[in-house]
Amino acid sequence: MNTFYPLRKLAPPLLALVLSGCASFSADGGFDAVNQTAQQRLHKQTGWSRSEQEADSVTQRVRVMLSKPLGIDDAVQIALLNNRELQASYSELGIAEADLVQAGRLPNPGFSFGRTHTGDDIKIDRSLTLSVMSLLTMPATSRIEARRFEQTKLKLADAMLRTAAMTRKAYYQSIAATQSVRYQEQVLQAAEVAHELAARMAKQGNFSRLDAAREQAFYLETSAQLTRARTQAMQENENLMRLLGLRKQDGTLQLPSRLPDLPKSAITLDNSEQVAMEQRLDVQSAKLEVAALQGSLGLTKATRFINVLDLGYIRNAESGKPAEIGYQASIEIPLFDWGGARVAKAEAIYMQAVHRLAATAVQAQSEVRSAYAVQQHAYLLARQYQDEVVPLRKRISDEYLLRYNGMLASVFELLADAREQANAVNAAIDAARDYWIADSDLQLALGGPTSSVTTSAQNKTEGKIHE
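So, how was this worked out
- Residues numbered from 1 in each chain as written.
- Predicted model: local features only at pLDDT ≥ 70, side-chain atom pairs only at ≥ 80, totals over all residues.
- Heavy atoms only, no water.
- Helix = DSSP H or I, 4+ residues; strand = E, 2+ residues; numbered from the N terminus.
- Buried < 20%, exposed > 50% of the residue type's maximum accessible area, 1.4 Å probe, protein only.
- Contact = heavy atoms within 4.5 Å.
- Areas by Shrake-Rupley, 256 points an atom, 1.4 Å probe, with all protein chains shown as cover.
- Patch = residues over 30% accessible without salt bridge, like charges linked within 9 Å, V, L, I, M, F, W, Y side chains within 5 Å.
- Salt bridge = Lys/Arg side-chain N within 4 Å of Asp/Glu carboxyl O.
- Polar contact = N/O pair within 3.5 Å; in protein donor to acceptor, adjacent residues only side chain to side chain.
- Lys, Arg positive; Asp, Glu negative; His and termini not counted.
- pLDDT = per-residue confidence, 0-100.
- Axes fitted to C-alpha atoms, helices over the stretch in contact; angles between N-to-C directions.
- Parallel < 35°, antiparallel > 145°, perpendicular 65-115°, else oblique.
- Nonpolar A, V, L, I, M, F, W, Y, C, P; charged D, E, K, R; others polar.

Enquirer: Please clarify how the overall build of the protein should be interpreted in this entry.
Expert: The number of helices and strands found in the protein is twelve helices and four strands. Put simply, the protein has 467 residues, and 40% of those count as buried. Considering only contacts within the protein whose residues lie at least 6 apart along the sequence, 80% involve residues at least 24 apart. Here the protein displays about 25900 Å² of accessible surface, and carbon together with sulfur accounts for 54% of that area.

What follows is the structure in structure tokens.
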């Protein structure tokens, strides 16, 4: 009876460790945290298609949204539901949760069986062993894996926000490229008319060959520019299609004919760096990584001398003799390896994470400052084109038309002015596009739109670029 006393003494604490460390799979697989981030920061929903039925449901929803002109909000929503790369990354949640559940599971016992005989005498050895060290370290291991699971949630939420930002940029680039094609077509029409008129006049001897060649050269260059613009528009459209996860059979995109109006005033952020430190998920993920490695370092130091401890139950039977019953314990003797290498490695990994956290914070602050400055300059430039350059070009065009009607300007001057006006409008389109792209970059650098950003973005101007 005394032989089993140590086992009975260890049973209650070991059972408590087992029950406290047990973990099971959650109903949502950790995805609710990612979806809540999408709702709070983007006012959208994201989804994780884990079956063919869910994927078919998303496809039907996407096709309904594509049946009407696609707004920026719908484009972001489609990307959050249908982007294939994003869907693939969501599977990392399942991997991380499986590691967490595995860390909280009771280690399997080991059973050994041996049968020997000497003549008619038979000897049977049986033993049942259990890793006590795994039980003792189970709570600490579970806490480490729980932090890693939370870190995975933050990383995937950050990937979701980046996908939304890339979709916004691709949306504005596609609209701007298509809008530029239309104005480039107008430039080509004016160049074609000037070229044909110059050719006829030169044939009649009323126009020099040099001037006619210049008009022809401008026409050919304008035609080449239109080809490049159409190619660019096709590429931007395909990039948007990829981000939305669309195939050819899903339907065509119906995009607005022009970019959104600029906000009435530029966004002012006095505490942009502080907002980024509080909101950016990559910074939060780096902090969790440091905390997880700190716990792992403590566990490595605690088990540096003894990391193998097995306890077993033994029952040996031999012919003609009473059964031998008892227990055995096996422990690793730190004779040659004192665990110094494992501790040094853990310390190096921990310090690596600490420096990466500092680098992430520095990069986040730099990105916010840079994105804010670019956004402010882009707004001023777009405003200048919209409020000054384009209206001035229109007044010049009106004056040329009056002079032409009064026979004070030639038709070539009128056509040249039309080309200049179209070029100014194209430059205004590019400036507006650059502003909306810079605005998307700023929101990404901040870790999501702030209330001031959202409020300012909703205040639209009534003035529009003359088409």
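Enquirer: How do you make sense of helix α4 (residues 72-82) when you look at a structure like this?
Expert: The periodicity of an α-helix, 3.6 residues per turn, causes residues three or four positions apart to be oriented the same way. In terms of burial, α4 is largely enclosed, as eight of its eleven residues are buried. Among the residues of α4, Ala75, Val76, Gln77, Ile78, Ala79, Leu80, Leu81 and Asn82 are the ones counted as buried.

Enquirer: Got a minute to help me understand a nonpolar patch on the surface in this structure?
Expert: A cluster of nonpolar side chains, namely Phe111, Phe113 and Leu128, defines an oily patch on the protein surface of about 340 Å² accessible area. As for its position among the elements, Leu128 is in strand β2 (residues 121-131). Take Leu128: its relative accessible area is 41%, and that puts it in the partly exposed class.

Enquirer: How should I be thinking about the environment of Asn82 in this particular structure?
Expert: Its place among the elements puts Asn82 in helix α4. What makes Asn82 buried here is its relative accessible area of 3%. For the pair formed by Asn82 and Arg242, sequence separation is 160 residues and the distance between their alpha carbons is 9.8 Å. Those residues in contact with Asn82 that lie beyond four places of it in its chain are Val58, Val62, Leu244, Gly245 and Leu246. A polar side-chain atom of Asn82 sits 2.7 Å from the main-chain carbonyl oxygen of Gly245.

Enquirer: Help me out: how do you make sense of the environment of Val368 in this one?
Expert: The topology assignment puts Val368 in helix α10 (residues 340-405). Put simply, Val368 and Ala445 are 77 residues apart on the chain and 5.2 Å apart in space, counted from C-alpha to C-alpha.

Enquirer: Help me understand the side chain of Glu236 in this model?
Expert: Relative to the assigned elements, Glu236 resides in helix α7 (residues 209-244). Put simply, Glu236 is tucked away with no salt bridge, and the nearest opposite charge, on Arg433, sits 6.5 Å away. Those residues within four positions of Glu236 in sequence are excluded, and the remaining contacts are Gln173, Ser174 and Ala177.

Enquirer: Looking at this model, I keep getting lost on the pattern of salt bridges. Mind explaining?
Expert: Any two side chains of opposite charge can pair, given that their charged atoms come close. Applying the stated rule across the entire model yields nine salt bridges. Among the ionic pairs, Lys153 bridges to Glu150, the shortest N-O distance being 3.1 Å. Linking Lys153 with Glu150, this pair stays in helix α6 (residues 132-203), spanning three residues, or about one helical turn. Overall, the relative accessible area of 15% leaves Lys153 in the buried class. Residue Arg433 pairs with Asp434 through a salt bridge whose shortest N-O separation is 3.1 Å. Here Asp434 falls in the partly exposed class, since its relative accessible area comes to 34%. Because the salt bridges share partners, they merge into one network encompassing Asp430, Arg433 and Asp434.

Enquirer: Quick question: what am I supposed to make of unusual backbone geometry here?
Expert: Peptide bonds are mostly trans, and most non-glycine residues show a negative phi. We note that His43 has phi near 55 degrees; this positive angle belongs to a residue other than glycine. Taking relative accessible area as the criterion, His43 reaches 61% and is therefore assigned exposed.

Enquirer: I would appreciate a short explanation of the confidence of the model for the protein in the present structure.
Expert: The predicted structure's coordinates, where accompanied by low pLDDT, should not be read in detail. With 77% of its residues at a pLDDT of 70 or more, the protein shows a mean pLDDT of 76. Summarising per-element confidence for the protein, the mean pLDDT is lowest in helix α12 (residues 451-458) (40) and highest in α4 (92). Low confidence marks residues 304-309, where pLDDT is under 50. Its contacts with residues over four positions away, or in another chain, come to 22 contacts. Predicted confidence is poor over residues 450-467, with pLDDT under 50, and the contacts of this stretch with residues over four places away or in other chains come to 43 contacts.

Enquirer: When you look at the side chain of Asn426 in this model, what are you seeing that I'm missing?
Expert: Along the chain, Asn426 falls in helix α11 (residues 411-446). Asn426 sits in the buried class, given a relative accessible area of 9%. In this structure Asn426 touches Ser180, Tyr183 and Gln184, once residues within four positions along its chain are discounted.

Enquirer: Is there a simple way to explain the packing of α4 against helix α5 (residues 84-103) in this structure?
Expert: Each pair of packed helices gets described by two things: the angle between the helix axes and the distance between those axes. Closest axis-to-axis distance for the α4/α5 pair is 6 Å, and the angle between their directions is 45 degrees. By the angle between their directions, the pair α4 and α5 is classed as oblique. Mapping the contact onto sequence places Ala79, Leu80, Leu81 and Asn82 in α4 and Arg84, Leu86 and Gln87 in α5. Broken down by class, the residue content of the contact of α4 with α5 amounts to four nonpolar, two polar and one charged.

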